[in-house]
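# Commentary on secondary and tertiary structure
So the chains spell out like this:
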Amino acid sequence: MARAGGSCAVTAEVPYNEDSKSALPTGVCLSADSVIVHSGMAVVIDLAAWELDDVPKPVSKYAADLPFVDNGVAVSPDPNQWKCEKSGSAENLWLNLSDGYIGGGRKNWDGSGGSNGALDHFNDTGNH
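Described below are features of the structure shown in this document.

Our next topic: the overall build of the chain. Looking only at helices and strands, one finds 4 helices and 4 strands in the chain. Going from N to C terminus, the chain has its helices and strands arranged as β-β-α-α-α-β-β-α. Residues classed as buried in the chain amount to 16% of the 128 residues present. In the form shown here, the chain has an accessible surface area of approximately 10700 Å², with 58% of it arising from carbon and sulfur atoms.

This is the structure in structure tokens:
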């Protein structure tokens, strides 16, 4: 029991599941269920922004004929895991949208900079 400002508050953890619902008042169950399934106005607005409408989306002239190689490569959604497949570097990376290859950027004129991994892959795979 805790006292704050002269009032008394009791805190207890009660499991809320199908078995425990029968021991709780109906109003408490209805309130708990509505909190659990509530998606929130921010989520509703975000989802509405992504809903498809009747207006067709323009297709980029660069993406329209982009070849795709289904080689089982899955690019991690975590950018911290992205590495150049040639050198292992994690800086100045380029992603090949056709096959998922991640390579380093170009070397500078003086040899410094990237690993040239992306450009080498581009040349090795037939320029796609």
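Next, the rest of the story.
Taken as a whole, this structure holds 3 salt bridges when the rule is applied. The shortest N-O distance in the salt bridge between Lys21 and Glu18 comes to 3.4 Å. Placement of both Lys21 and Glu18 in helix α1 (residues 18-21) is noted, with a separation of 3 residues, approximately one turn of the helix. Judged by its relative accessible area of 62%, Glu18 falls in the exposed class. Measuring nitrogen to oxygen at the nearest pair gives 2.2 Å for the salt bridge that ties Lys86 to Asp120. Within this pair, whereas Lys86 is found in the loop between α3 (41-50) and β3 (93-95), its partner Asp120 is found in helix α4 (residues 117-124), the two being separated by 34 residues in sequence.

Now for α4. Of the residues making up α4, those classed as buried are Gly117, Ala118 and His121. Projected down its long axis, α4 shows its buried positions confined to an angular sector of 100°, all on one face. If you follow the buried residues of α4, they end up packed against β3 and β4 (102-104). Two residues or fewer after α4 comes Gly126, characterised by a positive phi angle close to 85°.

With a phi close to 55°, Asn92 is a non-glycine residue in the positive phi region. You can see Asn92 is positioned in the loop between α3 and β3. What makes Asn92 partly exposed here is its relative accessible area of 45%. Despite not being glycine, Asn116 shows a phi value in the positive range, around 70°. A relative accessible area of 16% places Asn116 in the buried class.

Conventions used here
Counting restarts for each chain: residues are numbered from 1 in the order of the written sequence. Totals for whole chains, interfaces and linings use all residues, but because this is a predicted model, local features are given only for residues with pLDDT of at least 70 and pairs of side-chain atoms are given and counted only at 80 or more. Each side-chain value is derived from all of the structure's non-hydrogen atoms; neither hydrogens nor water enter the calculation. Helix and strand assignments come from DSSP, with helices taken as H or I runs of at least 4 residues and strands as E runs of at least 2, each series counted from the N terminus. Exposure classes here rest on a 1.4 Å probe applied to the protein chains alone. A residue is buried below 20% of its type maximum, exposed above 50%, and partly exposed in between. Reported accessibility uses the Shrake-Rupley method at a 1.4 Å probe radius. Residues are deemed covered only where the shown protein chains occlude them. For this document, the term salt bridge refers to a Lys or Arg side-chain nitrogen within 4 Å of an Asp or Glu carboxyl oxygen. Working note: the arc is built from the helix axis to C-beta atom directions. The contact rule is simple, with two residues in contact once any of their heavy atoms fall within 4.5 Å.

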